[in-house]
Amino acid sequence: MMNPPLIETQSLCKTFRDFWRRPVVEAVKDLGLCVERGEVFGLLGPNGSGKSTTLKMLLGLLHPSSGNVRVFGKAPQDVMVKARIGYLPEVSHLHAFLTPRETLMYYAALFGMPRQGAVRRTGELLEMVGLTHAADRAVGRFSKGMARRVGLAQALVNAPDLLILDEPTSGLDPIGCREVKDLIHLLSQAGVTVLMTSHLLADVEDVCARVAIMDKGVLRAHGPIRDLLRTPDVIRFSVQGLSEGDAASVRAIIEKHAGHPVQQDYPEMSLEAYFLNVVNRDAPQKAFEVAPFLKP
Amino acid sequence: MKRTIQQIIAIAKATVLESVQQPIAFLILAAGVLSTLLVPVFQFHRFSEDGRLARDSGLSCMLVFGLVLAVTTAGSAVAAEITRGTAAAIIGKPVSRVTFVVSKWLGICGVLLIFWLGICAATLLAERGSYHFVMPDECAHEDPGVTCACCESPGHQMDTVTLTLGICGVGAAMLLAALRHYFKRRRFGVSAFVGVAVSQLCVAGLCGFYSRFGNLRMMRPDTAAYLPDLDWRILPAALLVLFALMLFAALATALATRLPTGPVLAVCVLALVLGLAGDSFAAGAGLASWRGLLAGLVPDIQHFWMCDALAHGGRIAWPYVAEAAVYALSCCALFLTAGCLAFRLRDLG
């Protein structure tokens, strides 16, 4: 028997209304979405496309105007469902007067964690996001990137089965972005389902197995990222250490078989990879220790 | 159930911390305490009613400043958190909306309790500090055989020592808070707010060691070494005001789930005025009339304003206080239920 999808929406609509109940904007229209257990799913779209609205409906923060939402087979307002979810909002809404340590202890208390376990988990998470040195400074004085790291830590405080990340790399430096993407990989390998939104396509391409693209509240495309990006009638060869003369010979042979000119270029590394090389930070060495954040 | 209690404690504690962090909370408490303590100094028409004036003024400060504190705290703890998104971050966790509303109310009540302790102590001090008719033998100086200036002028005496200590207590609390902030990086707002309340309680505790004239009681063997000489009849009246403040906190919390601070303050002030004037505008009105309906909906604040009962040595019976507590809790439950219903379908973005 097949497992039911972890997240399922059917004909989901959300219309925001003004004080007089007049419709102001149709943020999500007739959305049908399925996220399977253990996958990393990306929800893409330009600003105002309805990504965050969709996530908030999945968390029970917004009420759908029509349609159905099921998370873990239940209504998202169910507190038992929310106990299994970690959520990083687009803007890290943190109590400005609390320190990162107090913030994590606070969220651990909301999950009903015993104090000793919460203290241990807080220490591990602070180390993971690189904020041990600033653990006792008020969050209100943090930069956006540092606040984002606290937000990420609070999303993992309950060792979630489903991690919902709204623009997870927003405000982070390239090293932070790399670390977040590594973390997503590691969590995915450990069986955690990740649903993330982003308008940074490179980030999504790096980590997501499947994506859905929304525009003006409508689902425009969805499927495995490799299928969506593949150009079926184009083949690319990558060869290392070939001389210019040999390259010209190979090109001539291929052009003869293809019957039309062949494009030849030199692959470039991404700016992110170049930056990480320059600042001498090897991302895999910085990979998070994921084991402490999984359920025992 | 255990998790819900843990959540309530966590959210209420964070609400107290965040609320007392706000400069407005400290300003309201300091203004309330200073207003209460300065009344005996600046009152000019006495007619042997100085103590009563100080008492009534203290309780009035408690009610009015407390109402403003309840509304501003509800505004920052509920309405502003909904706008900022902090509420969404909490509701995104396994916290029900009912738990959220109730926790916020309890947190606001915690802030009001600290405020109440400070103002209540200041009222007791102001009552003691105001002009009282004192007999010479009440002057507790060292040698009962020697007459001093105070013994020679029996009559209306003001306890300037107590009032000075009370006012200096506010300054000392601020200084201590500043030092804690500078040397230990403790939060100034929290230290100052709690410090002002504690300073008034300390002075209320200390004033038992000296007489109205500032002489130490322990130096005089024929009198008790400790006699606070405070008008404890104020306590039940102050408790009634605390119940009223809890009621307004519930109303403000319920309204703040849908409205910003300004309209919440307007509605609460209207409820206060209508609640105090309920007898006047609803006199003789039938239950079906709009006046009767309004009188039924608005809590009767007169139940909680019993200053006049203390005049001429009167007392407020404790069973009455208990009944008022039940009435206040019923109103709180009603308002919070309405608040939960209003918040249930509120979109949080």
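Residues numbered from 1 in each chain as written. Chains lettered and ligands numbered in written order. Predicted model: local features only at pLDDT ≥ 70, side-chain atom pairs only at ≥ 80, totals over all residues.

**Student:** What's the story with the overall build of chain B in this structure? I'm lost.
**Tutor:** Helix and strand counts for chain B come out as 13 helices and two strands. A globule of 349 residues ought to have a C-alpha radius of gyration of about 20 Å, and chain B, at 23 Å, matches this closely. Each principal axis of the C-alpha distribution contributes one length, and for chain B these read about 75 × 60 × 35 Å. Per-residue burial for chain B yields a buried fraction of 47% across its 349 residues. Sequence separation of 24 or more characterises 80% of the internal contacts of chain B that already satisfy a separation of 6 or more. (Helix = DSSP H or I, 4+ residues; strand = E, 2+ residues; numbered from the N terminus. Rg over C-alpha atoms; globule rule 2.2 N^0.38 Å. Buried ≥ 20, exposed ≤ 12 C-beta atoms within 10 Å, placed from the backbone. Contact = placed C-beta atoms within 7 Å.)

**Student:** Looking at this structure, I do not really get the overall build of chain A. What am I missing?
**Tutor:** For chain A, the count of helices and strands is ten helices and nine strands. Over its C-alpha atoms, taken along the principal directions, chain A stretches across nearly 70 × 50 × 45 Å. Scored against the burial criterion, the 296 residues of chain A give a buried share of 40%.

**Student:** What's the story with unusual backbone geometry in this structure? I'm lost.
**Tutor:** Excluding glycine, a negative phi dihedral is what most residues carry, and trans is how most peptide bonds are arranged. Residues and elements named next belong to chain A. In this structure, Arg21 takes a positive phi of about 70° despite not being glycine. Note that Arg21 resides in the loop between β1 (7–17) and β2 (23–35). Since 6 C-beta atoms lie within 10 Å of it, Arg21 is described here as exposed.

**Student:** So what exactly am I meant to see when it comes to the pairing of strand β8 (residues 210–215) of chain A here?
**Tutor:** Residues and elements named next belong to chain A. Both strand β3 (residues 40–44) and β8 contribute to a ladder of four bridges, which runs parallel. Bridge assignment links Leu43 to a residue of β8, and that residue is Ala212. Direction of pairing for β8 relative to strand β9 (residues 218–224): antiparallel, over a ladder of six bridges. Looking at the pairing, Met214 lines up with Leu219 of β9. (Pairing = 2+ DSSP bridges.)

**Student:** Explain the sheet that holds β9 of chain A here, please?
**Tutor:** What holds strands together in a sheet is hydrogen bonding between their backbones, with the strands either parallel or antiparallel. Residue and element names in this part refer to chain A. Across the sheet, which stays open at both edges, the six strands sit in the order β5-β6-β7-β3-β8-β9 with mixed pairing between neighbours. Each end of this open sheet is capped by a strand with a single partner; those strands are β5 (85–88) and β9. Taking each pair of neighbouring strands and ignoring which way they run, the sheet shows an average axis angle of 15°. Contacts from helix α1 (residues 51–58) reach β3, β6 (162–166), β7 (193–198) and β8 within the one sheet, and its direction differs from that of β6 by about 150°. (Axes fitted to C-alpha atoms, helices over the stretch in contact; angles between N-to-C directions.)

**Student:** Even after reading the chapter, I still don't get the interface of chain A and chain B, so can you show me in this structure?
**Tutor:** Frequently, the measure chosen for interface size is the accessible area removed from exposure when the parts meet. Each partner contributes residues to the interface: chain A has 20 residues there, and chain B has 26 residues. Contributing elements (two or more residues each) for the side of chain A that touches chain B: α2 (79–82) and α3 (100–110) of chain A. Ranked by the residues each element gives to the side of chain A that touches chain B, the list is headed by α3 of chain A, at four residues.

**Student:** What am I meant to see in the sheet that holds strand β4 (residues 66–71) of chain A here?
**Tutor:** Residue and element names in this part refer to chain A. Here three strands make up an open sheet; going across it, the order is β2-β1-β4 and the pairing antiparallel. Whereas interior strands pair on both sides, the edge strands pair on one side only; in this sheet they are β2 and β4. Pairwise comparison of adjacent strand axes, ignoring direction, gives a mean angle of 25° for this sheet. Relative to β4, β1 is paired through five bridges, and the arrangement is antiparallel. Among the inter-strand pairings, Thr9 is bridged to a residue of β4, identified as Val69.

**Student:** What is the right way to look at the packing of helix α9 (residues 234–256) of chain B against helix α13 (residues 318–344) of chain B in this model?
**Tutor:** The description of two packed helices rests on the angle between their axes and on the distance between the axes. Residue and element names in this part refer to chain B. Viewed as axis vectors pointing N to C, α9 and α13 meet at an angle of 10°, and their least axial separation amounts to 8 Å. The pairing of α9 with α13 is recorded here as roughly parallel in orientation. For the pair formed by α9 and α13, the contact residues are Pro236, Leu239, Leu240, Phe243, Ala244, Met246, Leu247, Ala250, Leu251, Thr253 and Ala254 on the first element and Trp318, Val321, Ala324, Ala325, Ala328, Cys331, Cys332, Phe335, Leu336, Ala338, Gly339 and Ala342 on the second. Looking at the contact of α9 with α13 residue by residue, the classes come out as 21 nonpolar, two polar and no charged. (Parallel < 35°, antiparallel > 145°, perpendicular 65-115°, else oblique. Nonpolar A, V, L, I, M, F, W, Y, C, P; charged D, E, K, R; others polar.)

**Student:** Quick question: what am I supposed to make of the packing of helix α6 (residues 174–189) of chain A against helix α10 (residues 271–278) of chain A here?
**Tutor:** All names here are of chain A. Close contact between α6 and α10 brings their axes to 10 Å; oriented N to C, the two are set at 110°. In terms of orientation, α6 and α10 fall into the roughly perpendicular class. The way α6 lies across α10 gives a crossing that is left-handed. On α10, the residues that touch Pro174, Ile175 and Arg178 of α6 are Glu272, Phe275 and Leu276. Class assignment for the residues of the contact of α6 with α10 results in four nonpolar, no polar and two charged. (Left-handed = near helix turned anticlockwise from the far one by under 90°.)

**Student:** Help me out: how do you make sense of the confidence of the model for chain A in this one?
**Tutor:** For residues with low pLDDT, the predicted coordinates do not support detailed interpretation. Residues and elements named next belong to chain A. Per-chain confidence: chain A averages 85 in pLDDT, with 93% of residues scoring 70 or above. Per-element mean pLDDT across chain A ranges from 72 in α10 up to 93 in β4. Below pLDDT 50 for its whole length, residues 283–287 participates in seven contacts with residues either more than four positions away or in separate chains. (pLDDT = per-residue confidence, 0-100.)

**Student:** I would appreciate a short explanation of helix α5 (residues 97–129) of chain B in the present structure.
**Tutor:** Because an α-helix packs 3.6 residues into every turn, residues spaced three or four apart end up facing the same way. Look at α5 of chain B: 47 Å from first C-alpha to last across 33 residues, which is about the 48 Å you get at 1.5 Å a residue. Across the 33 residues of α5 of chain B, 29 count as buried, placing the element largely inside the fold. (Expected span 1.5 Å × (residues − 1).)

**Student:** What exactly am I supposed to notice about the environment of Met214 of chain A here?
**Tutor:** Residue and element names in this part refer to chain A. For Met214, the position within the fold is in strand β8. For the pair formed by Met214 and Lys29, sequence separation is 185 residues and the distance between their alpha carbons is 10.0 Å. Leave out the neighbours within four places in its chain, and Met214 touches Leu43, Gly45, Ser49, Gly50, Lys51, Leu219 and Arg220.

**Student:** How should the environment of Pro64 of chain A be read in this particular structure?
**Tutor:** All names here are of chain A. If you trace the backbone, Pro64 turns up in the loop between α1 and β4. Along the backbone, Pro64 and Ser11 are 53 residues apart, and their C-alpha atoms lie at a distance of 10.0 Å. In contact with Pro64, other than residues within four places in its own chain, are Leu12, Cys13, Lys14, Met57 and Val69.

**Student:** Which parts of the structure should I look at to understand the confidence of the model for chain B?
**Tutor:** Looking at chain B as a whole, the pLDDT averages 87, with 92% of positions reaching at least 70. What the predictor reports for the complex is a pTM of 0.86 with an ipTM of 0.79.

**Student:** Honestly, the environment of Glu49 of chain B in this entry has me stumped. Any pointers?
**Tutor:** Residue and element names in this part refer to chain B. With respect to the element layout, Glu49 can be found in the loop between α2 (23–42) and α3 (50–84). For Glu49, a count of 15 C-beta atoms within 10 Å gives the class partly exposed. A sequence separation of 81 residues divides Glu49 from Ser130, and the C-alpha atoms of the two residues are 9.4 Å apart.

**Student:** Explanation requested: the pairing of β1 of chain A in the structure shown.
**Tutor:** Regular strands place their side chains on alternate faces of the sheet. All names here are of chain A. As paired elements, β1 and β2 share eight bridges and run antiparallel to each other. Looking at β2, one finds that Phe16 is bridged to Val25. Here β1 hands over to β2 after five residues, with Arg21 in that stretch at a positive phi of 70°.

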